[in-house]
Amino acid sequence: MSIHLSYQNLTDRKRPVSKLKWTATSVTPVEDNCNNVVFLIKEAHDVTEHKRREAELTRLNDQLTTSNRELEQFAYVASHDLQEPLRKITSYAQLLLEDAENLNPDARRDIDVVIDGAERLKVLVGDLLTFSRVTTLGRPLSLVDANECLQAALENLELTIQESNSVIKCDTFPAVVADAGQLTRLFQNLISNAIKYCDEARPTVHIGNRVVDSQVECFVKDNGLGIEPRYFDKVFEIFQRLHGRTAYSGTGIGLAICKRIVERFGGRIWVDSDGKSGTTFYFTLNMDSQGAQA
């Protein structure tokens, strides 16, 4: 039998932290044949370095939490405050176009460029706002019907699916721990990408899953362009694009939002492709509250 005592500070508590000394003491009783304690063996170990590393880790974690909170607040404020001037730019440019008869072709073309740039920036600001709000303004995680979230995503994409002549196949999903609104956005972003980045006459998307222990491993598989393995990590970074804006629209934030949502749910997301014939995005969701963040 061993009795382990608490950590003990062996120095004056008023001294600087860098000068503190800590020891961990254990006491082991030695018994005779009649189970009587005859003497004690006391051992003391210097754990100063361990305690210092522990304190430093705590300090860095607190610093990181504060930094993330400040960055999220900055992104929200910056995005929100940019909306109004963008609306003014677009409105006044459109007013100028209404007076098109007094403008030469070059001036009309320049105004069109201004409006297009303002609209693209508006979309970018909106996506940045969504990205910053994933962890700050999300609803509490709870057990939700993933099938309802998937159906909501498909309804939001109904026009896109019809216009692209896409074929969508969906498996039945179990209940998962998530924020229903964010899970809908997760499905919507991945399905939308699968349709967008496809040069086939009939995009085909399969949304499926398999249960692994207390998690659901979900996938969105397409017959699109594919992603080269060297870009597997890059696609989840904010503002990263593998294709030019003239070829495919978008801001380069969609998959970063997906990653942030999945991680908030306590899961992980990754991609697999041979770079030529289709891509499959995988992500895990919990079937209970273990591992999920509030």
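The following paragraphs examine the structure supplied in this document. Since the structure is predicted, the reported quantities are computational estimates derived from the model, not experimental observations.

**Section: the overall build of the protein chain**
- When you go through the protein chain residue by residue, the secondary structure sums to six helices and ten strands.
- The 294 residues of the protein chain split such that 33% are buried.
- For the protein chain, restricting intrachain contacts to residue pairs at least 6 apart in sequence, the fraction spanning at least 24 positions comes to 64%.

**Points about the packing of helix 3 (residues 146-156) against helix 5 (residues 180-196)**
- For the pair helix 3 and helix 5, the least separation of the axes is 8 Å and the interaxial angle reads 50 degrees. When the interaxial angle is binned, helix 3 and helix 5 end up oblique. Read as a crossing pair, helix 3 and helix 5 show a hand that is right-handed. Residues A146, C149, L150, A152, A153, L154 and N156 of helix 3 form the contact with helix 5, whose own contacting residues are A180, L183, T184, F187, Q188 and I191.
- Looking at side-chain class alone, the contact of helix 3 with helix 5 contains ten nonpolar, three polar and no charged residues.

**Observations concerning the environment of G226**
- Tracing the backbone shows G226 in the loop between strand 8 (215-222) and helix 6 (254-264).
- With relative accessibility at 19%, the residue G226 sits in the buried group.
- Separated by 53 residues in sequence, G226 and T279 have C-alpha atoms that sit 4.9 Å apart.
- Beyond its immediate chain neighbours, meaning those up to four positions away, G226 contacts S273, G275, K276, G278 and T279.

**A word on unusual backbone geometry**
- In this model, N165 sits at a positive phi of 60 degrees, which is unusual for a non-glycine residue.
- Tracing the backbone shows N165 in the loop between helix 4 (158-164) and strand 5 (167-170).
- The exposure class of N165 is partly exposed, given its relative accessible area of 39%.

**Considering the pattern of salt bridges**
- Counted under the stated rule, the structure contains five salt bridges.
- Salt-bridge contacts for E49 lead to R53; the nearest nitrogen and oxygen are separated by 3.4 Å. With E49 and R53 both in helix 1 (residues 48-98), this residue pair falls four residues apart, about one helical turn.
- A relative accessible area of 44% means that E49 is categorised as partly exposed.

**Let's talk about the packing of aromatic side chains**
- Within this structure, the stated rule accounts for five aromatic pairs.
- The interplanar angle of 65 degrees and the centroid separation of 6.0 Å between the aromatic rings of F187 and F283 together place this pair among those described as edge-to-face. Taken together, the residues F187 in helix 5 and F283 in strand 10 (residues 279-286) connect sequence positions 96 residues apart.
- F187 sits in the buried class, given a relative accessible area of 0%.

**Examining the pairing of strand 7 (residues 204-212)**
- Relative to strand 7, strand 5 runs parallel, the two being bridged by four bridges. Considered in strand 7, the bridge of V167 is made with T204.
- With eight bridges connecting them, strand 7 and strand 8 associate as antiparallel partners. The residue bridging N209 from the neighbouring strand is C218, located in strand 8.

**Examining the side chain of E217**
- By secondary structure assignment, the location of E217 is in strand 8.
- Once you skip the residues sitting within four places of it in the chain, E217 turns out to touch G208, N209, R210, V212, W270, Y282, F283 and T284.

**Describing the side chain of T184**
- Position of T184 relative to the elements: it lies in helix 5.
- Exposure remark for T184: the relative accessible area of 13% places this residue in the buried category.
- Within the structure, T184 has its side chain in polar contact with the backbone oxygen of C149 (distance 3.5 Å).
- If near-sequence neighbours (up to four positions away) are discounted, T184 is found in contact with C149, A152, A153 and N156.

**With respect to helix 6**
- With eight of eleven residues buried, helix 6 lies mostly within the body of the structure.
- By the burial criterion, the buried members of helix 6 are L255, A256, I257, C258, R260, I261, V262 and R264.
- In the segment just after helix 6, G266 is the residue with positive phi, at about 85 degrees.

**Things to note about the environment of K234**
- Along the polypeptide, K234 turns up in the loop between strand 8 and helix 6.
- Residues K234 and L255 lie 21 residues apart in sequence; the distance between their C-alpha atoms is 9.9 Å.

**Looking at helix 5**
- For helix 5, spanning 17 residues, the distance from its first C-alpha to its last is 24 Å, which sits close to the expected 24 Å at 1.5 Å a residue.
- The complete set of buried residues in helix 5 reads Q182, L183, T184, L186, F187, N189, L190, I191, N193, A194 and I195.
- Of the residues that open helix 5, the one with a side-chain oxygen 3.0 Å from the backbone nitrogen of G181 is D179.

Parameters at a glance
- Residues numbered from 1 in each chain as written.
- Predicted model: local features only at pLDDT ≥ 70, side-chain atom pairs only at ≥ 80, totals over all residues.
- Heavy atoms only, no water.
- Helix = DSSP H or I, 4+ residues; strand = E, 2+ residues; numbered from the N terminus.
- Buried < 20%, exposed > 50% of the residue type's maximum accessible area, 1.4 Å probe, protein only.
- Contact = heavy atoms within 4.5 Å.
- Axes fitted to C-alpha atoms, helices over the stretch in contact; angles between N-to-C directions.
- Parallel < 35°, antiparallel > 145°, perpendicular 65-115°, else oblique.
- Left-handed = near helix turned anticlockwise from the far one by under 90°.
- Nonpolar A, V, L, I, M, F, W, Y, C, P; charged D, E, K, R; others polar.
- Salt bridge = Lys/Arg side-chain N within 4 Å of Asp/Glu carboxyl O.
- Phe/Tyr/Trp six-rings, centres within 6.5 Å; stacked < 30°, edge-to-face > 60°.
- Pairing = 2+ DSSP bridges.
- Polar contact = N/O pair within 3.5 Å; in protein donor to acceptor, adjacent residues only side chain to side chain.
- Expected span 1.5 Å × (residues − 1).

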